[in-house]
Amino acid sequence: MKRNEKYTPLAVKEKVDIINIKGIEEIGYVQQDPMILNSLVPEENTRCRQGLYFQDGKRKVDYVLTYHVKKPSGSRKRSSRGNALTRTLRRSHRAASKNDPEIAAQDLSVDYHEDDKRFRREEFEGILMEMGLELEMDENTKTPGVGFVKIHAPWNVLCREAEFMKIKMPTKKVYEIKQGSNFVEKINSFITKVTEPLHPNVEENRITNVKHLSYPFSREKQHLFDLSDRDSFFDSKTRSSIVFEILKRTKCTKAKYSMGITSLLANGIYTAAYPLHDGDIDGENIDPNDRKLLYEEWASYSVFYKYQPISLIRKYFGEKIGLYFAWLGVYTQMLIPASIVGIIVFLYGCATVDDDIPSMEMCDRRNNITMCPLCDRACSYWKLSIGCATARASHLFDNPATVFFSIFMALWATMFLEHWKRRQMRLNYKWDLTGFEEEEVREDSLLFSFRR
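Please read all numbers here as calculations on a predicted model, not as lab measurements.

Cut-offs and rules
- Residues numbered from 1 in each chain as written.
- Predicted model: local features only at pLDDT ≥ 70, side-chain atom pairs only at ≥ 80, totals over all residues.
- Heavy atoms only, no water.
- Helix = DSSP H or I, 4+ residues; strand = E, 2+ residues; numbered from the N terminus.
- Buried < 20%, exposed > 50% of the residue type's maximum accessible area, 1.4 Å probe, protein only.
- Salt bridge = Lys/Arg side-chain N within 4 Å of Asp/Glu carboxyl O.
- Phe/Tyr/Trp six-rings, centres within 6.5 Å; stacked < 30°, edge-to-face > 60°.
- Disulfide = S-S within 2.5 Å.
- Arc of directions from axis to C-beta.
- Contact = heavy atoms within 4.5 Å.
- Polar contact = N/O pair within 3.5 Å; in protein donor to acceptor, adjacent residues only side chain to side chain.
- Pairing = 2+ DSSP bridges.
- Axes fitted to C-alpha atoms, helices over the stretch in contact; angles between N-to-C directions.
- Core = buried A, V, L, I, M, F, W, Y, C linked by side-chain atoms within 4.5 Å.
- Patch = residues over 30% accessible without salt bridge, like charges linked within 9 Å, V, L, I, M, F, W, Y side chains within 5 Å.
- Areas by Shrake-Rupley, 256 points an atom, 1.4 Å probe, with all protein chains shown as cover.

## Quick notes on unusual backbone geometry
Despite not being glycine, Lys166 has its phi angle at roughly 55 degrees, a positive value. Here Lys166 lies in the loop between α4 (155-165) and β6 (168-176). A positive phi is found at Asp432, a non-glycine position, where the angle reads about 55 degrees. Inspection of the secondary structure puts Asp432 in the loop between α14 (400-430) and α15 (436-451). Classification of Asp432 by relative accessible area gives partly exposed; the value is 23%.

Here it is, written out as structure tokens:
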């Protein structure tokens, strides 16, 4: 892609939603200005099943950078037409700038900063293209003053970075998962049939007896992987992760600027950086996509009683988000027996509150027990019966059954921890996350060495 091609303006007709979830570190979602969301609008013929494409309709948008665009003088004149007060203020500002050197210096400073930001953006984008990424500019959007840089990673860049990041990809080789004993298999099948209405209607939750062997991607061993469909070999999450990794380590040398998109965002060179959704969730004639499936089977109040589609969440948002929601699901599931026992203890307190001897003695006004003052001089004597309501309320939560509840919760905490360990090990095996923590530590140390 030539350098002058990236400044080609795009036609605008249709709205595209953008991911709006904070904390997705592995796909590099960074948002600073909520005004720019829902502003990137492509041509009607550029939307397809897996997301937004470039103007040619072939190259997929893997990442988007946004920046402020200085409005041309013509647009400012049109926007201020009919507003006499605004025109008067501008005329007075121009006259003051001619007479006051401080105002003129401020205007020159603003223009200098804008030119400096544009210079840094051009250098950063030039380095990205030298690394193989393809860029396309779009400044004709519904949001005035906001420009977009669409980023596409071609196949050779994806392969190079996947090998560098040691991303595990499924190979052609499959192996059969051995089942347990007949008795255990019968129990599992029975539980699956009983809980079938609670499972979301997604393909990932169907039990299969075969599994693809995963291996870190290597360009020299591409024959091990199924590359019949290169467009879908790297999914949207993986493509976004690769592009974000490039953005993090790209360094501007001419401007003597710190490394990475994070520094550029912090200094206002770019206003936001984020990936795009794979498709829409509403409308007519919408192709099936993971976002729509997650919206219907996970992010809807009508399916609150169902299990979470953890595999689909991991596929769409990444391993970190998938593990977080897996832990949240196990924690919520384990709270059900704890809440049932807690309700029973509370009901026992309600049933025995009238038989509680301390409460009966405090609430019996015939005893007429007078208590000493709570302080010197300023306080007077008071009746013990005043604390009747407090004593009865405390018995609801502090009764003989509370001892059993405390022992139960101590055992519950141990069971929850062990249950999550088993669940985590199963997900590590299923998602090929063996050595995931060690790889994170190695990547952090490598990034620190780059920054030094």
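## Topic: the pattern of salt bridges
Under the definition given, this model contains 16 salt bridges. Close ionic contact of Glu161 with Arg160 constitutes a salt bridge, the shortest N to O distance being 3.1 Å. With relative accessibility at 27%, the residue Arg160 sits in the partly exposed group. Residue Arg314 pairs with Glu319 through a salt bridge whose shortest N-O separation is 3.2 Å. Members of the salt-bridge network, linked through shared partners, are Asp56, Arg59 and Glu134.

## A few points about the packing of aromatic side chains
All told, the structure shown has 21 aromatic pairs when counted by the stated rule. Considering the side-chain rings of Trp298 and Phe325, the 4.9 Å spacing of their centres and the 85 degrees angle between planes classify their relative orientation as edge-to-face. Taken together, the residues Trp298 in the loop between α9 (290-297) and α10 (310-317) and Phe325 in helix α11 (residues 319-351) connect sequence positions 27 residues apart. When the ring of Trp327 is compared with that of Phe416, the centres are 6.5 Å apart and the planes differ by 70 degrees; the resulting orientation is edge-to-face. Pair noted here: Trp327 is in helix α11 and Phe416 is in helix α14, with a separation of 89 residues, a long-range link.

## Regarding the state of the cysteines
This structure, assessed with the given rule, holds one disulfide. The side chain of Cys375 participates in a disulfide bridge whose partner is Cys379; the two sulfur atoms lie 1.7 Å from each other. Between Cys375 and Cys379, the disulfide has an S-S torsion of 95 degrees and is therefore right-handed.

## Here's the deal with α9
Three or more residues of α9 are buried, namely Asp290, Arg291, Leu294 and Glu297. Looking straight down α9, one finds its buried side chains confined to an arc of 150 degrees; they lie on one side. Buried-residue contacts for α9 involve α10. Of the residues flanking the start of α9, the one acting as N-cap is Asn289, its side-chain oxygen 3.2 Å from the backbone nitrogen of Arg291.

## Digging into the sheet that holds strand β8 (residues 272-274)
Strands belonging to one sheet form pairs held by backbone hydrogen bonds; the direction of such a pair is parallel or antiparallel. Pairing is antiparallel in the open sheet, where four strands are placed in the order β4-β5-β3-β8. A strand with exactly one partner marks an edge of an open sheet, and here the two such strands are β4 (134-138) and β8. The sheet shows a mean angle of 20 degrees between the axes of neighbouring strands, taken without regard to direction. When β4 meets strand β5 (residues 146-152), the two strands line up antiparallel, connected through five bridges. Across the sheet, residue Glu134 finds its bridge partner in β5, namely His152. Where helix α7 (residues 236-249) meets the sheet, its contacts fall on β3 (63-68) and β5, and the angle it forms with β3 comes to roughly 45 degrees.

## Side note on the side chain of Ser236
Positionally, Ser236 belongs in helix α7. In terms of polar contacts, Ser236 uses its side chain to reach the side chain of Asp278, at 2.8 Å.

## Section: helix α13 (residues 388-397)
All buried positions along α13 are accounted for by Cys388, Ala391, His395 and Leu396. One side of α13 carries all its buried residues, which in axial view fall inside an arc of 150 degrees. Those residues of α13 that are exposed and aimed more than 90 degrees away from the buried face are Ala389, Thr390 and Phe397. Where the residues of α13 are buried, they touch α11, α12 (357-363) and α14.

## Some remarks on the nonpolar core
One finds Leu65, Phe124, Ile151, Phe234, Leu247, Ile261 and Tyr270 to be the most contacted residues of the largest nonpolar core, which totals 37 residues. Secondary-structure elements contributing two or more residues to this core are β3, α3 (101-130), β4, β5, α4, α7 and α8 (261-266). Broken down by element, the residue count for this core peaks at six residues, all from α4. The contacts of Phe234, once residues within four sequence positions are left out, are Trp155, Leu158, Cys159, Ala162, Met169, Phe217 and Arg239. If you look at the next biggest cluster of nonpolar residues, it comprises 20 residues, including Leu312, Ala326, Val330 and Phe416.

## Things to note about a nonpolar patch on the surface
Residues Phe183, Val184, Ile187, Phe190, Ile191 and Val194 make up a contiguous nonpolar surface patch of roughly 590 Å² in combined accessible area. Locating Ile187 in the fold gives a position in helix α5 (residues 182-194). On the basis of relative accessible area, Ile187 is assigned to the partly exposed category, the value being 34%.

## What to know about the environment of Thr253
With respect to the secondary-structure elements, Thr253 resides in the loop between α7 and α8. Take Thr253: its relative accessible area is 56%, and that puts it in the exposed class. A C-alpha to C-alpha distance of 9.2 Å links Thr253 and Phe124, two positions 129 residues apart in sequence.

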